[in-house]
2 protein chains.
Amino acid sequence: MAEQVPRVVVSRLPLYYRILCLLEEEKKAVASSQELGARLQFTPAQIRKDLSYFGRFGKQGKGYNVKRLLQELRKILGLDREWGMAVVGVGKLGRALLGYGAFPVQGFRIVAAFDSDPAKVGRKLGNVTVQEITELSSALAGKRIHIGIVAVPPSEAQAVINQLISYGVKAILNYAPVHAQVPNGIQLRDVDPVMALQSMTFYLKNT
Amino acid sequence: MAEQVPRVVVSRLPLYYRILCLLEEEKKAVASSQELGARLQFTPAQIRKDLSYFGRFGKQGKGYNVKRLLQELRKILGLDREWGMAVVGVGKLGRALLGYGAFPVQGFRIVAAFDSDPAKVGRKLGNVTVQEITELSSALAGKRIHIGIVAVPPSEAQAVINQLISYGVKAILNYAPVHAQVPNGIQLRDVDPVMALQSMTFYLKNT
DNA sequence: CCGTGTGAATGAGTTCACAGCC
DNA sequence: GGCTGTGAACTCATTCACACGG
(Lines give C-alpha, C1' and ligand atoms only; values in the text may rest on other atoms or scores of the structure.)
Protein backbone atom coordinates (compact mmCIF):
# COMPACT_ATOMS: atom_id res chain seq x y z
CA MET A 1 0.00 0.00 0.00
CA ALA A 2 2.75 2.43 -0.93
CA GLU A 3 0.68 5.07 -2.69
CA GLN A 4 -2.11 6.79 -0.82
CA VAL A 5 -5.52 5.98 -2.27
CA PRO A 6 -7.99 8.90 -2.17
CA ARG A 7 -10.99 8.39 0.11
CA VAL A 8 -13.46 9.05 -2.70
CA VAL A 9 -11.97 6.22 -4.67
CA VAL A 10 -12.38 3.81 -1.76
CA SER A 11 -15.97 4.93 -1.31
CA ARG A 12 -16.73 3.92 -4.88
CA LEU A 13 -15.21 0.46 -4.69
CA PRO A 14 -18.21 -1.13 -2.94
CA LEU A 15 -20.35 0.19 -5.78
CA TYR A 16 -18.10 -1.48 -8.33
CA TYR A 17 -18.20 -4.62 -6.27
CA ARG A 18 -21.98 -4.59 -6.31
CA ILE A 19 -22.47 -4.35 -10.07
CA LEU A 20 -19.78 -6.93 -10.65
CA CYS A 21 -21.73 -9.32 -8.43
CA LEU A 22 -24.76 -8.59 -10.57
CA LEU A 23 -22.84 -9.15 -13.79
CA GLU A 24 -21.55 -12.44 -12.45
CA GLU A 25 -25.10 -13.58 -11.77
CA GLU A 26 -25.94 -12.59 -15.32
CA LYS A 27 -23.13 -14.89 -16.46
CA LYS A 28 -21.25 -12.06 -18.10
CA ALA A 29 -17.59 -13.07 -18.30
CA VAL A 30 -16.07 -9.75 -19.31
CA ALA A 31 -17.03 -6.10 -18.87
CA SER A 32 -15.43 -2.94 -20.19
CA SER A 33 -15.09 0.29 -18.24
CA GLN A 34 -17.64 1.58 -20.72
CA GLU A 35 -20.26 -0.97 -19.65
CA LEU A 36 -19.52 -0.60 -15.95
CA GLY A 37 -19.75 3.16 -16.28
CA ALA A 38 -23.06 2.99 -18.08
CA ARG A 39 -24.59 1.05 -15.19
CA LEU A 40 -23.31 3.45 -12.57
CA GLN A 41 -23.46 6.67 -14.52
CA PHE A 42 -19.75 7.22 -14.16
CA THR A 43 -17.31 7.98 -16.97
CA PRO A 44 -15.26 5.03 -18.18
CA ALA A 45 -12.11 7.01 -17.44
CA GLN A 46 -13.02 7.31 -13.80
CA ILE A 47 -13.48 3.60 -13.42
CA ARG A 48 -10.19 2.85 -15.13
CA LYS A 49 -8.33 5.37 -13.03
CA ASP A 50 -9.92 4.16 -9.80
CA LEU A 51 -8.96 0.58 -10.51
CA SER A 52 -5.47 1.58 -11.59
CA TYR A 53 -4.68 2.57 -8.00
CA PHE A 54 -4.68 -1.11 -7.14
CA GLY A 55 -3.20 -2.83 -10.14
CA ARG A 56 -3.69 -3.64 -13.79
CA PHE A 57 -6.70 -5.88 -13.96
CA GLY A 58 -7.92 -5.23 -17.49
CA LYS A 59 -6.99 -6.61 -20.88
CA GLN A 60 -6.63 -4.16 -23.77
CA GLY A 61 -9.23 -4.62 -26.43
CA LYS A 62 -11.39 -6.79 -24.14
CA GLY A 63 -12.07 -5.21 -20.78
CA TYR A 64 -12.12 -6.70 -17.30
CA ASN A 65 -12.69 -10.34 -16.48
CA VAL A 66 -15.66 -10.21 -14.12
CA LYS A 67 -14.69 -13.11 -11.86
CA ARG A 68 -11.10 -11.96 -11.65
CA LEU A 69 -12.01 -8.35 -10.83
CA LEU A 70 -14.51 -9.51 -8.22
CA GLN A 71 -11.85 -11.54 -6.53
CA GLU A 72 -9.43 -8.62 -6.60
CA LEU A 73 -12.01 -6.27 -5.15
CA ARG A 74 -12.80 -8.75 -2.40
CA LYS A 75 -9.11 -8.80 -1.53
CA ILE A 76 -8.80 -5.01 -1.74
CA LEU A 77 -11.88 -4.33 0.39
CA GLY A 78 -11.15 -7.12 2.84
CA LEU A 79 -14.30 -9.02 1.96
CA ASP A 80 -12.53 -12.38 1.72
CA ARG A 81 -13.19 -12.99 5.41
CA GLU A 82 -15.86 -12.57 8.07
CA TRP A 83 -16.17 -9.49 10.22
CA GLY A 84 -17.53 -9.66 13.75
CA MET A 85 -19.77 -6.82 14.88
CA ALA A 86 -21.38 -5.77 18.14
CA VAL A 87 -24.60 -3.77 18.37
CA VAL A 88 -24.99 -1.37 21.23
CA GLY A 89 -28.59 -0.39 21.87
CA VAL A 90 -31.35 -2.88 21.16
CA GLY A 91 -34.30 -0.57 20.87
CA LYS A 92 -36.48 -0.78 17.79
CA LEU A 93 -33.58 0.15 15.54
CA GLY A 94 -31.09 -2.20 17.15
CA ARG A 95 -33.50 -5.12 16.86
CA ALA A 96 -34.12 -4.32 13.21
CA LEU A 97 -30.38 -4.40 12.62
CA LEU A 98 -30.08 -7.75 14.39
CA GLY A 99 -32.57 -9.15 11.93
CA TYR A 100 -31.19 -7.45 8.84
CA GLY A 101 -30.35 -10.18 6.37
CA ALA A 102 -27.95 -8.23 4.19
CA PHE A 103 -25.27 -8.15 6.90
CA PRO A 104 -24.58 -11.89 7.24
CA VAL A 105 -24.96 -12.47 3.52
CA GLN A 106 -22.08 -10.05 2.94
CA GLY A 107 -19.94 -11.53 5.68
CA PHE A 108 -20.81 -9.09 8.44
CA ARG A 109 -21.92 -11.04 11.48
CA ILE A 110 -23.39 -9.55 14.63
CA VAL A 111 -21.92 -11.61 17.45
CA ALA A 112 -22.91 -9.56 20.47
CA ALA A 113 -25.58 -7.10 21.58
CA PHE A 114 -25.61 -4.70 24.50
CA ASP A 115 -28.07 -2.44 26.25
CA SER A 116 -28.12 -0.43 29.44
CA ASP A 117 -31.74 -1.29 30.19
CA PRO A 118 -31.87 -4.24 32.65
CA ALA A 119 -35.27 -5.21 31.27
CA LYS A 120 -33.69 -6.03 27.94
CA VAL A 121 -30.61 -7.82 29.26
CA GLY A 122 -30.79 -11.59 28.95
CA ARG A 123 -33.28 -11.60 26.10
CA LYS A 124 -32.27 -13.69 23.14
CA LEU A 125 -32.58 -11.94 19.80
CA GLY A 126 -31.60 -13.94 16.75
CA ASN A 127 -28.29 -15.60 17.56
CA VAL A 128 -27.22 -13.39 20.40
CA THR A 129 -28.21 -12.72 23.99
CA VAL A 130 -28.41 -9.11 25.08
CA GLN A 131 -25.75 -8.26 27.63
CA GLU A 132 -25.46 -5.49 30.18
CA ILE A 133 -23.43 -2.68 28.68
CA THR A 134 -20.95 -2.88 31.54
CA GLU A 135 -19.95 -6.30 30.25
CA LEU A 136 -18.67 -4.70 27.08
CA SER A 137 -15.08 -5.04 28.19
CA SER A 138 -15.10 -8.75 28.96
CA ALA A 139 -17.30 -9.59 26.00
CA LEU A 140 -15.06 -7.80 23.54
CA ALA A 141 -11.98 -9.42 25.02
CA GLY A 142 -13.32 -12.88 24.29
CA LYS A 143 -14.80 -12.61 20.83
CA ARG A 144 -13.08 -11.03 17.87
CA ILE A 145 -15.18 -7.93 17.36
CA HIS A 146 -13.96 -5.50 14.74
CA ILE A 147 -16.89 -3.19 14.19
CA GLY A 148 -19.28 -1.49 16.58
CA ILE A 149 -22.80 -0.54 15.55
CA VAL A 150 -24.17 2.31 17.61
CA ALA A 151 -27.95 2.45 17.94
CA VAL A 152 -28.37 4.32 21.22
CA PRO A 153 -30.03 7.68 21.89
CA PRO A 154 -27.98 10.70 20.76
CA SER A 155 -27.07 11.71 24.29
CA GLU A 156 -25.25 8.43 24.93
CA ALA A 157 -23.67 7.91 21.53
CA GLN A 158 -20.31 9.60 22.10
CA ALA A 159 -19.76 7.79 25.41
CA VAL A 160 -20.59 4.43 23.84
CA ILE A 161 -18.27 5.13 20.94
CA ASN A 162 -15.47 6.04 23.32
CA GLN A 163 -15.96 2.79 25.20
CA LEU A 164 -16.00 0.68 22.05
CA ILE A 165 -12.78 2.29 20.88
CA SER A 166 -11.09 1.92 24.24
CA TYR A 167 -11.76 -1.81 24.07
CA GLY A 168 -10.16 -2.15 20.67
CA VAL A 169 -12.94 -1.66 18.13
CA LYS A 170 -11.48 0.01 15.06
CA ALA A 171 -14.63 0.92 13.12
CA ILE A 172 -17.98 2.42 14.06
CA LEU A 173 -21.22 2.39 12.14
CA ASN A 174 -23.16 5.17 13.81
CA TYR A 175 -26.95 5.37 13.60
CA ALA A 176 -27.26 8.07 16.26
CA PRO A 177 -27.87 11.52 14.81
CA VAL A 178 -24.71 12.95 16.33
CA HIS A 179 -21.45 14.07 14.81
CA ALA A 180 -19.13 11.99 16.96
CA GLN A 181 -15.41 12.54 17.40
CA VAL A 182 -13.03 9.63 16.97
CA PRO A 183 -9.25 9.43 17.22
CA ASN A 184 -7.11 9.26 14.13
CA GLY A 185 -7.10 5.85 12.50
CA ILE A 186 -10.58 4.90 13.68
CA GLN A 187 -13.16 4.54 10.94
CA LEU A 188 -16.55 6.15 11.39
CA ARG A 189 -19.55 6.19 9.08
CA ASP A 190 -22.87 7.80 9.85
CA VAL A 191 -26.16 6.38 8.68
CA ASP A 192 -28.70 9.14 8.94
CA PRO A 193 -31.78 9.08 6.74
CA VAL A 194 -33.00 12.41 8.12
CA MET A 195 -29.90 14.16 6.85
CA ALA A 196 -30.42 12.53 3.48
CA LEU A 197 -33.99 13.82 3.41
CA GLN A 198 -32.94 17.31 4.45
CA SER A 199 -30.40 17.52 1.66
CA MET A 200 -33.13 16.57 -0.82
CA THR A 201 -35.73 19.07 0.37
CA PHE A 202 -33.25 21.82 -0.43
CA TYR A 203 -33.81 21.01 -4.09
CA LEU A 204 -37.53 20.39 -3.63
CA LYS A 205 -38.51 23.48 -1.76
CA ASN A 206 -39.76 25.46 -4.75
CA THR A 207 -42.03 22.62 -5.79
CA MET B 1 -31.37 30.91 -6.95
CA ALA B 2 -29.12 32.73 -9.41
CA GLU B 3 -25.77 31.30 -8.33
CA GLN B 4 -25.25 27.59 -8.44
CA VAL B 5 -24.55 26.12 -5.03
CA PRO B 6 -22.16 23.14 -5.06
CA ARG B 7 -23.71 19.84 -4.04
CA VAL B 8 -21.16 19.26 -1.29
CA VAL B 9 -22.16 22.51 0.32
CA VAL B 10 -25.81 21.48 0.38
CA SER B 11 -24.89 18.12 1.85
CA ARG B 12 -23.23 19.87 4.79
CA LEU B 13 -26.13 22.18 5.61
CA PRO B 14 -28.13 19.53 7.51
CA LEU B 15 -25.07 19.01 9.66
CA TYR B 16 -24.91 22.70 10.47
CA TYR B 17 -28.60 22.63 11.17
CA ARG B 18 -28.14 19.80 13.62
CA ILE B 19 -25.46 21.39 15.80
CA LEU B 20 -27.32 24.67 15.78
CA CYS B 21 -30.36 22.85 17.18
CA LEU B 22 -28.09 21.50 19.87
CA LEU B 23 -26.63 24.90 20.62
CA GLU B 24 -30.11 26.34 20.89
CA GLU B 25 -31.04 23.68 23.45
CA GLU B 26 -27.90 24.64 25.33
CA LYS B 27 -29.22 28.22 25.38
CA LYS B 28 -26.23 29.52 23.48
CA ALA B 29 -27.24 32.75 21.75
CA VAL B 30 -24.26 33.23 19.48
CA ALA B 31 -21.69 30.94 17.87
CA SER B 32 -18.63 31.74 15.79
CA SER B 33 -17.49 29.76 12.77
CA GLN B 34 -14.62 28.72 15.04
CA GLU B 35 -16.95 27.09 17.55
CA LEU B 36 -19.14 25.48 14.93
CA GLY B 37 -16.06 24.14 13.18
CA ALA B 38 -14.67 22.70 16.38
CA ARG B 39 -17.83 20.66 16.91
CA LEU B 40 -17.86 19.32 13.38
CA GLN B 41 -14.15 19.11 12.76
CA PHE B 42 -14.39 21.50 9.84
CA THR B 43 -12.27 24.58 9.32
CA PRO B 44 -13.92 27.87 10.24
CA ALA B 45 -13.26 29.12 6.73
CA GLN B 46 -15.30 26.32 5.23
CA ILE B 47 -18.29 27.11 7.36
CA ARG B 48 -18.10 30.80 6.54
CA LYS B 49 -17.78 30.13 2.84
CA ASP B 50 -20.59 27.59 2.82
CA LEU B 51 -22.96 30.00 4.53
CA SER B 52 -21.89 32.87 2.30
CA TYR B 53 -23.54 31.15 -0.66
CA PHE B 54 -26.87 32.00 0.89
CA GLY B 55 -26.41 35.38 2.49
CA ARG B 56 -24.58 37.30 5.17
CA PHE B 57 -25.85 35.95 8.42
CA GLY B 58 -22.94 36.75 10.75
CA LYS B 59 -21.87 39.82 12.67
CA GLN B 60 -18.19 40.74 12.60
CA GLY B 61 -16.54 40.45 15.96
CA LYS B 62 -19.41 38.35 17.35
CA GLY B 63 -20.33 35.41 15.17
CA TYR B 64 -23.69 33.99 14.17
CA ASN B 65 -26.90 34.45 16.10
CA VAL B 66 -28.01 30.87 16.72
CA LYS B 67 -31.77 31.41 16.48
CA ARG B 68 -31.43 33.59 13.41
CA LEU B 69 -29.15 31.15 11.59
CA LEU B 70 -31.42 28.25 12.48
CA GLN B 71 -34.35 30.06 10.97
CA GLU B 72 -32.37 30.86 7.83
CA LEU B 73 -31.26 27.26 7.45
CA ARG B 74 -34.82 26.08 7.87
CA LYS B 75 -35.83 28.38 5.05
CA ILE B 76 -32.88 27.36 2.87
CA LEU B 77 -33.40 23.63 3.39
CA GLY B 78 -37.16 23.85 3.16
CA LEU B 79 -37.67 22.64 6.71
CA ASP B 80 -40.21 25.32 7.53
CA ARG B 81 -43.01 23.03 6.37
CA GLU B 82 -44.12 19.41 6.46
CA TRP B 83 -43.16 16.87 3.83
CA GLY B 84 -45.44 13.97 2.95
CA MET B 85 -43.79 10.65 2.26
CA ALA B 86 -44.91 7.26 1.00
CA VAL B 87 -43.21 3.99 1.87
CA VAL B 88 -43.20 1.25 -0.70
CA GLY B 89 -42.48 -2.16 0.78
CA VAL B 90 -43.60 -2.95 4.30
CA GLY B 91 -41.34 -5.83 5.11
CA LYS B 92 -39.25 -5.71 8.25
CA LEU B 93 -37.41 -2.62 7.05
CA GLY B 94 -40.51 -0.79 5.88
CA ARG B 95 -42.26 -1.39 9.19
CA ALA B 96 -39.23 -0.14 11.10
CA LEU B 97 -39.32 3.03 9.00
CA LEU B 98 -43.02 3.48 9.72
CA GLY B 99 -42.22 3.47 13.41
CA TYR B 100 -39.08 5.61 13.19
CA GLY B 101 -39.63 8.58 15.46
CA ALA B 102 -37.00 10.89 13.97
CA PHE B 103 -38.99 11.36 10.76
CA PRO B 104 -42.11 13.04 12.18
CA VAL B 105 -40.09 15.02 14.71
CA GLN B 106 -38.24 16.63 11.81
CA GLY B 107 -41.36 17.26 9.78
CA PHE B 108 -41.20 14.21 7.56
CA ARG B 109 -44.53 12.43 7.74
CA ILE B 110 -45.27 9.06 6.24
CA VAL B 111 -48.81 9.36 4.93
CA ALA B 112 -49.11 6.21 2.85
CA ALA B 113 -47.68 2.70 2.66
CA PHE B 114 -47.77 0.20 -0.18
CA ASP B 115 -46.93 -3.42 -0.74
CA SER B 116 -47.48 -5.95 -3.48
CA ASP B 117 -48.22 -8.78 -1.04
CA PRO B 118 -52.02 -9.16 -0.64
CA ALA B 119 -51.48 -10.61 2.83
CA LYS B 120 -50.11 -7.28 3.99
CA VAL B 121 -52.66 -5.04 2.29
CA GLY B 122 -55.28 -3.64 4.64
CA ARG B 123 -53.16 -3.95 7.77
CA LYS B 124 -52.94 -0.80 9.81
CA LEU B 125 -49.39 0.17 10.81
CA GLY B 126 -49.03 3.31 12.86
CA ASN B 127 -51.18 5.96 11.20
CA VAL B 128 -51.48 4.38 7.79
CA THR B 129 -53.18 1.43 6.20
CA VAL B 130 -51.16 -0.63 3.77
CA GLN B 131 -52.47 -0.34 0.23
CA GLU B 132 -52.08 -2.52 -2.82
CA ILE B 133 -49.22 -1.19 -4.89
CA THR B 134 -51.50 -0.83 -7.89
CA GLU B 135 -53.36 1.88 -5.99
CA LEU B 136 -50.22 4.02 -6.03
CA SER B 137 -51.62 6.23 -8.76
CA SER B 138 -54.90 7.13 -7.09
CA ALA B 139 -53.36 7.41 -3.65
CA LEU B 140 -50.66 9.79 -4.82
CA ALA B 141 -53.20 11.89 -6.69
CA GLY B 142 -55.19 12.52 -3.53
CA LYS B 143 -52.57 13.21 -0.90
CA ARG B 144 -49.63 15.56 -1.34
CA ILE B 145 -46.73 13.15 -1.42
CA HIS B 146 -43.33 14.61 -2.18
CA ILE B 147 -40.92 11.88 -1.25
CA GLY B 148 -40.93 8.14 -1.88
CA ILE B 149 -39.15 5.73 0.42
CA VAL B 150 -38.19 2.53 -1.35
CA ALA B 151 -37.88 -0.54 0.85
CA VAL B 152 -38.54 -3.34 -1.62
CA PRO B 153 -36.26 -6.17 -2.74
CA PRO B 154 -33.50 -5.10 -5.14
CA SER B 155 -35.11 -6.73 -8.15
CA GLU B 156 -38.19 -4.52 -7.87
CA ALA B 157 -36.56 -1.28 -6.82
CA GLN B 158 -36.05 0.32 -10.23
CA ALA B 159 -39.61 -0.42 -11.33
CA VAL B 160 -41.03 1.03 -8.12
CA ILE B 161 -38.87 4.13 -8.48
CA ASN B 162 -40.05 4.60 -12.06
CA GLN B 163 -43.67 4.36 -10.94
CA LEU B 164 -43.21 6.83 -8.11
CA ILE B 165 -41.60 9.31 -10.45
CA SER B 166 -44.24 8.88 -13.10
CA TYR B 167 -46.86 9.81 -10.53
CA GLY B 168 -45.08 13.01 -9.60
CA VAL B 169 -42.77 12.12 -6.74
CA LYS B 170 -39.67 14.31 -6.99
CA ALA B 171 -37.39 12.68 -4.42
CA ILE B 172 -36.49 9.10 -3.56
CA LEU B 173 -34.91 7.72 -0.42
CA ASN B 174 -33.69 4.34 -1.57
CA TYR B 175 -32.98 1.53 0.88
CA ALA B 176 -32.62 -1.14 -1.79
CA PRO B 177 -29.00 -2.03 -2.54
CA VAL B 178 -29.27 -1.01 -6.17
CA HIS B 179 -27.81 1.87 -8.11
CA ALA B 180 -31.03 3.19 -9.62
CA GLN B 181 -31.32 5.54 -12.57
CA VAL B 182 -33.50 8.63 -12.28
CA PRO B 183 -34.22 11.42 -14.75
CA ASN B 184 -32.58 14.78 -14.41
CA GLY B 185 -34.09 16.91 -11.68
CA ILE B 186 -35.20 13.98 -9.52
CA GLN B 187 -33.41 13.67 -6.20
CA LEU B 188 -32.10 10.29 -5.13
CA ARG B 189 -30.26 9.29 -1.99
CA ASP B 190 -29.17 5.79 -1.13
CA VAL B 191 -29.12 4.47 2.40
CA ASP B 192 -26.90 1.42 2.40
CA PRO B 193 -25.17 0.33 5.59
CA VAL B 194 -23.44 -2.56 3.83
CA MET B 195 -21.63 -0.16 1.53
CA ALA B 196 -20.62 1.90 4.53
CA LEU B 197 -19.21 -1.24 6.16
CA GLN B 198 -17.38 -2.26 3.02
CA SER B 199 -15.69 1.10 2.74
CA MET B 200 -14.49 0.73 6.32
CA THR B 201 -13.10 -2.77 6.01
CA PHE B 202 -10.77 -1.48 3.32
CA TYR B 203 -8.95 0.40 6.06
CA LEU B 204 -9.30 -2.43 8.56
CA LYS B 205 -8.10 -5.32 6.50
CA ASN B 206 -4.53 -5.33 7.81
CA THR B 207 -5.74 -5.42 11.39
C1' DC C 1 -9.73 -1.71 -34.25
C1' DC C 2 -11.03 -1.78 -29.39
C1' DG C 3 -10.22 -0.80 -24.77
C1' DT C 4 -6.72 -0.29 -20.98
C1' DG C 5 -3.53 2.47 -18.28
C1' DT C 6 -1.76 6.94 -17.44
C1' DG C 7 0.51 11.62 -17.71
C1' DA C 8 -1.28 16.06 -18.68
C1' DA C 9 -5.11 19.37 -18.66
C1' DT C 10 -9.07 20.86 -16.68
C1' DG C 11 -12.39 21.54 -13.16
C1' DA C 12 -14.15 21.48 -8.34
C1' DG C 13 -13.62 22.23 -3.56
C1' DT C 14 -10.91 23.89 0.32
C1' DT C 15 -7.96 26.87 2.73
C1' DC C 16 -5.46 31.19 3.07
C1' DA C 17 -5.11 35.76 4.16
C1' DC C 18 -6.72 40.07 4.64
C1' DA C 19 -9.92 44.20 4.15
C1' DG C 20 -13.73 45.83 6.56
C1' DC C 21 -17.00 46.13 10.29
C1' DC C 22 -18.67 45.59 15.11
C1' DG D 1 -9.48 42.80 19.44
C1' DG D 2 -12.35 39.52 17.32
C1' DC D 3 -14.73 37.56 13.65
C1' DT D 4 -17.11 37.81 9.14
C1' DG D 5 -17.13 37.64 4.09
C1' DT D 6 -14.46 36.82 0.05
C1' DG D 7 -11.05 37.00 -3.89
C1' DA D 8 -6.82 34.54 -4.73
C1' DA D 9 -3.91 30.51 -4.07
C1' DC D 10 -3.80 26.03 -3.57
C1' DT D 11 -5.08 21.14 -3.22
C1' DC D 12 -7.65 17.40 -4.62
C1' DA D 13 -10.58 14.95 -8.10
C1' DT D 14 -12.21 14.16 -12.73
C1' DT D 15 -11.78 14.01 -17.53
C1' DC D 16 -9.07 14.09 -21.72
C1' DA D 17 -6.33 12.11 -25.08
C1' DC D 18 -3.13 9.10 -26.65
C1' DA D 19 0.64 5.37 -26.58
C1' DC D 20 0.50 0.72 -26.30
C1' DG D 21 -1.06 -4.22 -26.21
C1' DG D 22 -4.38 -7.94 -27.55
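Residues numbered from 1 in each chain as written. Chains lettered and ligands numbered in written order. Predicted model: local features only at pLDDT ≥ 70, side-chain atom pairs only at ≥ 80, totals over all residues. Heavy atoms only, no water.

Draft legend 1. Local environment of the pairing of strand S7 (residues 128–132) of chain A. Residues and elements named next belong to chain A. Sheet analysis places strand S5 (residues 108–115) next to S7, joined by three bridges and oriented parallel. Considered in S7, the bridge of aspartate 115 is made with glutamate 132. One ladder, built from two bridges, connects strand S6 (residues 124–125) with S7; its direction is antiparallel. The residue of S7 that forms the bridge with lysine 124 is threonine 129. In sequence, S6 turns back onto S7 through a hairpin of two residues, with glycine 126 there showing a positive phi of about 65°. (Pairing = 2+ DSSP bridges. Helix = DSSP H or I, 4+ residues; strand = E, 2+ residues; numbered from the N terminus.)

Draft legend 2. Representation of the pattern of salt bridges in the model. On inspection of all chains with the given rule, the structure shows 16 salt bridges over all chains. Between Lys75(A) and Glu72(A) there is a salt bridge; the shortest N-O distance is 3.9 Å. With Lys75(A) and Glu72(A) both in helix H4 (residues 66–77) and three residues apart, this pair spans about one turn of that helix. Exposure remark for Glu72(A): the relative accessible area of 14% places this residue in the buried category. Here Glu82(B) and Arg109(B) are joined by a salt bridge, their closest N and O atoms 2.8 Å apart. Of this pair, Glu82(B) sits in the loop between helix H4 (66–77) and strand S4 (83–88) while Arg109(B) is found in strand S5 (residues 108–115), placing the two residues 27 residues apart along the sequence. You can call Glu82(B) partly exposed: its relative accessible area is 43%. (Salt bridge = Lys/Arg side-chain N within 4 Å of Asp/Glu carboxyl O. Buried < 20%, exposed > 50% of the residue type's maximum accessible area, 1.4 Å probe, protein only.)

Draft legend 3. Quick peek at the layout of surface pockets. Here the second largest pocket defines a volume of roughly 970 Å³. Lining the second largest pocket are 37 residues, and of these Pro154(A), Pro177(A), Val178(A), Arg18(B) and Leu22(B) lie nearest its centre. For the lining of the second largest pocket, the secondary-structure elements that each account for two or more residues are helix H5 (92–98), helix H8 (154–166) and helix H9 (193–204) of chain A together with helix H1 (7–25), helix H2 (33–40) and helix H6 (102–105) of chain B. With eight residues, H1(B) is the single largest residue contributor to the lining of the second largest pocket. (1 Å grid on protein atoms, 1.4 Å probe; cavity = no way out; pocket = protein on both sides within 12 Å on 5 of 7 lines; lining within 4 Å. Points joined across faces, edges and corners; volume = space filled by probe spheres on them.)

Draft legend 4. Structural view of the packing of aromatic side chains. Within the structure shown, the criterion is met by eight aromatic pairs over all chains. Summarising the aromatic geometry, the rings of Phe54(A) and Phe202(B) are spaced 6.1 Å apart at their centres and angled 80° between planes, so their arrangement reads as edge-to-face. Pair noted here: Phe54(A) is in the loop between helix H3 (44–52) and strand S2 (58–59) and Phe202(B) is in helix H9 (residues 193–204), and the two residues belong to different chains. Residue classification places Phe54(A) among the buried residues on the basis of a relative accessible area of 18%. (Phe/Tyr/Trp six-rings, centres within 6.5 Å; stacked < 30°, edge-to-face > 60°.)

Draft legend 5. How the structure looks around the interface of chain B and chain A. Taken together, the contacts link 60 residues of chain B with 61 residues of chain A. Taken over both partners, the interface formed by chain B and chain A buries close to 5500 Å², and the fraction arising from carbon and sulfur atoms is 68%. One can count two salt bridges joining chain B with chain A. Two residues, Arg18(B) and Asp192(A), come together in a salt bridge whose shortest N-O distance is 2.5 Å. The interface formed by chain B and chain A includes 20 residue pairs in polar contact (both at pLDDT 80 or more). A breakdown of the residues in the side of chain B that touches chain A according to their chemical character gives 37 nonpolar, 13 polar and ten charged. (Contact = heavy atoms within 4.5 Å. Buried area = accessible area lost by both parts, 1.4 Å probe. Polar contact = N/O pair within 3.5 Å; in protein donor to acceptor, adjacent residues only side chain to side chain. Nonpolar A, V, L, I, M, F, W, Y, C, P; charged D, E, K, R; others polar.)

Draft legend 6. Broad picture of the protein's contact with DNA strand C. Residues in contact with DNA strand C amount to 23 residues; listed here are only the nearest, Ser33(A), Arg48(A), Gln60(A), Tyr64(A) and Gln60(B). The contact in question runs from a phosphate oxygen of DNA strand C to an N or O atom on the side chain of Ser33(A), over 2.7 Å. Note that a phosphate oxygen of DNA strand C is positioned 3.0 Å from one of the backbone N or O atoms of Phe57(A). Taken together, the elements giving at least two residues each to the surface near DNA strand C come down to H3, S2 and strand S3 (63–65) of chain A together with H1 and helix H3 (44–52) of chain B. At four residues, H3(B) tops the list of elements feeding residues into the surface near DNA strand C. (Near = heavy atom within 4 Å.)

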